[in-house]
Amino acid sequence: MSLAPRSVDDEGLPVSRRPIGVFDSGVGGLSVLAALRAELPGEDFVYFSDAAHAPYGERDDAFVIERTLGIARRFVEDHGIKALVVACNTATAAGIELLRAAYPGLPIIGVEPALKPAAAATLTGHVGVLATRGTLASRKFRTLHDTLQGGGQVRFSLMPCDGLAGAIERSDASAIASLSKQYLAALGPIGQGAGEIDTLVLGCTHYPFIADELQRLAGPSARLIETGQPVAQQTRRLLAAKGQLAGEAAEGSLRLLTSGEDAALEAAVARWLPARPVVALH
Ligand code: DGL
């Protein structure tokens, strides 16, 4: 049997026309989806928000892994996806290795806090990392962190932001404001002075939606780093290598699914996703 990537499926339909599955514990992954749609405008996407089980960041690994594998199975069986983007740092940290083992032929792209780009960008040598407790406690993150910190050039200050993704999920402006203030203050001085933090990693896909608030609190000189665009570029590379890009002759569609309230996801999409055709919920 040939192991070359397939251009048609068992029914003779082109694999390139299949959708790309994207999921997060909730609306955070829309920040990654926006970058994916900009990078790959001809692709069809199916987005799943697991809002009934959000937030993932304060749950144990077994729970996040079970959700992650279940969502992937549904994408594969019900939607015949050609690639999966885990648009959630917490789910990537807990489950991406198991996912890759379960679906060896499927391109699977995860997100992880952008420590390497931050290490390259910082001038003061001090980087703040905002992420969920689950992400920061994971073996995957510790390995990345220890490798980069090991060189001794850069210091990372880690901040588990309990409650922040949940507040963004609920669009709770007052909780967002007070938690952002609390966590940035706890990181220590942010600025250009010696030893101060000059670069902040947004290590949760919910946080780009409050980038303005964080920038205001951190000051104009602070550099905020997120991962949507590199994830989108990596998705393009993996699909191109398999000859499975849809092309850009026609504009791709978007289908929205959620385990939570349809209206909440629709409102988040209207607020945060640049306007493009949406093929409705379900
Ligand atoms: N958006 C997710 C992440 O990137 C998860 C937030 C949460 O559910 O706690 O980590």
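To be clear, the structure that these remarks concern was listed above.
This section reports on the structure supplied with the text. (Residues numbered from 1 in each chain as written. Predicted model: local features only at pLDDT ≥ 70, side-chain atom pairs only at ≥ 80, totals over all residues. Heavy atoms only, no water.)

Examining the pattern of salt bridges
Scanning all chains against the criterion turns up 12 salt bridges. Among the salt bridges present, the one from Lys82 reaches Glu43, with a minimum N-O distance of 2.6 Å. Highlighted residues: Lys82 in the loop between helix H2 (61-79) and strand S3 (83-86) and Glu43 in the loop between helix H1 (30-39) and strand S2 (45-49), separated in sequence by 39 residues. Take Glu43: its relative accessible area is 3%, and that puts it in the buried class. The shortest N-O distance in the salt bridge between Asp162 and Arg133 comes to 3.0 Å. With Asp162 in the loop between strand S6 (155-160) and helix H7 (164-169) and Arg133 in helix H5 (residues 133-137), this pair connects stretches of sequence that are 29 residues apart. On the basis of relative accessibility, which here comes to 42%, the residue Arg133 falls in the partly exposed class. (Salt bridge = Lys/Arg side-chain N within 4 Å of Asp/Glu carboxyl O. Helix = DSSP H or I, 4+ residues; strand = E, 2+ residues; numbered from the N terminus. Buried < 20%, exposed > 50% of the residue type's maximum accessible area, 1.4 Å probe, protein only.)

Some details on unusual backbone geometry
The omega torsion of the bond from Ala54 to Pro55 falls at -5°, within 30 degrees of zero and hence cis. Here Pro55 shows up in the loop between S2 and H2. Phi angles above zero are rare outside glycine, and Ser171 is one such case at about 55°. For Ser171, the position within the fold is in the loop between H7 and helix H8 (173-187). For Ser171, a relative accessible area of 39% corresponds to the partly exposed category.

Re the site of the ligand
Of all residues adjacent to the ligand, which total 13 residues, the nearest are Ser25, Tyr56, Gly57, Thr90 and His206. In the environment of the ligand, an oxygen atom lies 2.6 Å from a nitrogen or oxygen atom belonging to the backbone of Tyr56. In this structure, Thr90 approaches the ligand through a side-chain N or O atom, which is 2.6 Å from an oxygen atom. Calculation on the ligand without its partners gives an accessible area of 300 Å², and the protein chains cover 99% of this total. Cavity membership is defined here by more than half of the atoms lying within 2 Å of grid points; on that basis the ligand lies in the largest cavity. Broken down by class, the residue content of the shell around the ligand amounts to five nonpolar, seven polar and one charged. (Near = heavy atom within 4 Å. Polar contact = N/O pair within 3.5 Å; in protein donor to acceptor, adjacent residues only side chain to side chain. Areas by Shrake-Rupley, 256 points an atom, 1.4 Å probe, with all protein chains shown as cover. 1 Å grid on protein atoms, 1.4 Å probe; cavity = no way out; pocket = protein on both sides within 12 Å on 5 of 7 lines; lining within 4 Å. Sits in = over half its atoms within 2 Å of the grid points. Nonpolar A, V, L, I, M, F, W, Y, C, P; charged D, E, K, R; others polar.)

What to know about the sheet that holds strand S5 (residues 126-131)
Taking strand neighbours across the sheet as the criterion, the four strands line up as S6-S5-S7-S8 in an open arrangement whose pairing is parallel. Here the strands that pair on one side only, and so sit at the sheet edges, are S6 and strand S8 (223-225). Shown here is a sheet whose adjacent strand axes are inclined to one another by a mean of 25°, direction ignored. Pairing between strand S7 (residues 199-202) and S8: three bridges, direction parallel. (Pairing = 2+ DSSP bridges. Axes fitted to C-alpha atoms, helices over the stretch in contact; angles between N-to-C directions.)

Digging into the nonpolar core
Formed by 49 residues in total, the largest nonpolar core has its most connected members in Val22, Leu30, Val85 and Leu130. Element by element, the count of residues in this core is highest for H8, at six residues. Residues in contact with Leu30, not counting those within four places in the same chain, are Tyr47, Phe209, Leu265, Ala268, Val269 and Leu273. Core analysis: the second largest hydrophobic core is formed by 21 residues, Ala72, Ile81, Val86 and Ile108 among them. (Core = buried A, V, L, I, M, F, W, Y, C linked by side-chain atoms within 4.5 Å. Contact = heavy atoms within 4.5 Å.)

Considerations on H2
Over its 19 residues, H2 extends 26 Å from the first C-alpha to the last, a length consistent with the 27 Å expected when each residue adds 1.5 Å. Taken residue by residue, H2 has Val64, Ile65, Thr68, Ile71, Ala72, Phe75 and His79 as its buried positions. One side of H2 carries all its buried residues, which in axial view fall inside an arc of 135°. In H2, the exposed residues that point more than 90 degrees away from the buried face are Ala62, Glu66, Glu77 and Asp78. Residues of H2 that are buried in the fold lie against strand S1 (20-24), S2, S3, helix H3 (89-102) and strand S9 (254-258). Remark: Gly80 follows H2 within two positions and exhibits a positive phi of approximately 55°. (Expected span 1.5 Å × (residues − 1). Arc of directions from axis to C-beta.)

Here's the deal with empty space enclosed by the protein
Going through the model one piece at a time under the given rule, you end up with five cavities of 30 Å³ or more. If you add up the space inside the largest cavity, you get close to 70 Å³. Considering the residues around the largest cavity, the lining is formed by Asp24, Ser25, Pro55, Tyr56, Gly57, Cys88, Asn89, Thr90, Thr132, Ala165, Cys204 and His206. Counted by class, the lining of the largest cavity contains five nonpolar, six polar and one charged residues. For the second largest cavity, the calculated volume is near 50 Å³. The wall of the second largest cavity is formed by Asn89, Thr92, Ala93, Val111, Glu112, Pro113, Thr135, Ser138, Lys140 and Phe141. At three residues, the largest contribution of residues to the lining of the second largest cavity is made by H3. (Points joined across faces, edges and corners; volume = space filled by probe spheres on them.)

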